[in-house]
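# Architecture and fold: a report
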Amino acid sequence: MATDSFSLNKLLPVLSRELLYTTFIVALGIITWVRCYSVNSSSKKNRARPVLPTTRLWTSREIPTAFAPTSWQRQAFDAFRARMLLQDPQIFPCIYATKGFKANEHRCCFIDHLDTDPGSTIPDTTLDNLAAAFEEYAQNWRQFGPMTSLVVLTPLPPATTTDEWKPTLEEDRRRFWDLLRAISDRDPHSWPAQASQTVGEPSWTFRFRGERFVALALTPRYRKRQSRFCAGFVLAFQPIEIFQDLLSTPEKMASAVGKVRELTDSLDDVPYSQDVVAVGDGRQSVSSMFFLSDDDESWDSLYNKIRSG
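This report concerns the structure included in the present document. Values in this document were obtained by computation on a predicted structure and should not be read as measured data. (Residues numbered from 1 in each chain as written. Predicted model: local features only at pLDDT ≥ 70, side-chain atom pairs only at ≥ 80, totals over all residues. Heavy atoms only, no water.)

Here we come to the nonpolar core. If you look at the biggest cluster of nonpolar residues, it comprises 48 residues, and the most contacted ones within it are Phe134, Phe176, Leu180, Phe206, Phe237, Phe290 and Phe291. Residue assignment for this core shows that the elements contributing at least two residues are α5 (124-140), β2 (150-153), α6 (169-185), β3 (206-208), β4 (211-218), β5 (234-239) and α7 (240-246). Top element by residues in this core is α6. It accounts for seven residues. The contact partners of Phe206, leaving out residues within four places of it in the chain, are Phe134, Leu180, Ile183, Ser184, Glu211, Arg212, Phe213, Phe237, Phe290 and Ile306. Counting 17 residues, the second largest nonpolar core, distinct from the first, contains Ala76, Ala79, Phe80 and Ala97. (Core = buried A, V, L, I, M, F, W, Y, C linked by side-chain atoms within 4.5 Å. Buried < 20%, exposed > 50% of the residue type's maximum accessible area, 1.4 Å probe, protein only. Helix = DSSP H or I, 4+ residues; strand = E, 2+ residues; numbered from the N terminus. Contact = heavy atoms within 4.5 Å.)

In structure tokens:
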């Protein structure tokens, strides 16, 4: 018993030191894990861009269940969808827009009261709603997908018009540029100081909340340029940043431009417009392709500066 007691007395200090050392290592590991977790969580929180609530934007999958088939909103959407989903050999030329539509990355909004009768004015409430929808999109577009677009849909024109007045492509052009000006005038942010305000300059592009966008119009008034035809008047906006990713190399740009031109030529009964430029090539202002003529005439912006102020 004495021998056993002596051995135990010698062993206890050793066990105590080992237990203390093990406890220390475990505690250090826990502390290190907690600190790393806190840093990573904080970093992720700082990097995340939460999607803000959107009340005026609809996805292509929401619209069919949200609006009755006879509503003007549903009819306008169905007409736009028909253009996006054209089948061979008449494929819609903007391949990225088509992919974005199929992937449910587009966001749509609806605006009414766009009478094109000469001399009529668009109500301020309509313009305010349009700018508010653009505000929602400009804040959230990075969360919608790499090929997202904002699509502004309007009521389809009546089947018949009066003999005194029939809408023309030129009047749609005026309406398009007036709407862009109305959106820009309602932008709560100042135009960036370093950005050109002169529409015709090569570096110019449409801006909202400091974000850069390209725009285009589809309208039922096109006859020869079927690549820009739709049964209803449509405005579409795409963030320029998505093109910088999709067309990041000369090879990607050449491939995309060649494909778009091939599909456009298959639809149009008019030569490919020289006003259509690859986004980012810097040769001319992207505004030249926002609203094209129905022949080989070049149509510039109706405004020297997009903001009226």
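Looking at where Thr205 falls in the secondary structure, it is placed in the loop between α6 and β3. Exposure remark for Thr205: the relative accessible area of 4% places this residue in the buried category. Within polar-contact distance, the side chain of Thr205 engages the backbone oxygen of Phe213 at 2.7 Å. With sequence-adjacent residues up to four places away left out, Thr205 is seen in contact with Trp191, Arg212, Phe213, Val214, Ile240 and Val286. (Polar contact = N/O pair within 3.5 Å; in protein donor to acceptor, adjacent residues only side chain to side chain.)

On to helix α3 (residues 72-84), then. Here α3 spans 18 Å end to end across 13 residues, near enough to the 18 Å set by a 1.5 Å rise per residue. Of all the positions in α3, only Gln73, Arg74, Ala76, Phe77, Ala79, Phe80, Arg83 and Met84 are classed as buried. (Expected span 1.5 Å × (residues − 1).)

Note that an α-helix has 3.6 residues per turn; residues three or four places apart therefore point the same way. Spanning 17 residues, α5 covers 24 Å between terminal C-alpha atoms, matching the ideal 24 Å at 1.5 Å per step. Among all positions in α5, only Thr126, Leu127, Leu130, Ala131, Ala133, Phe134, Glu135, Glu136, Tyr137, Ala138 and Asn140 are buried.

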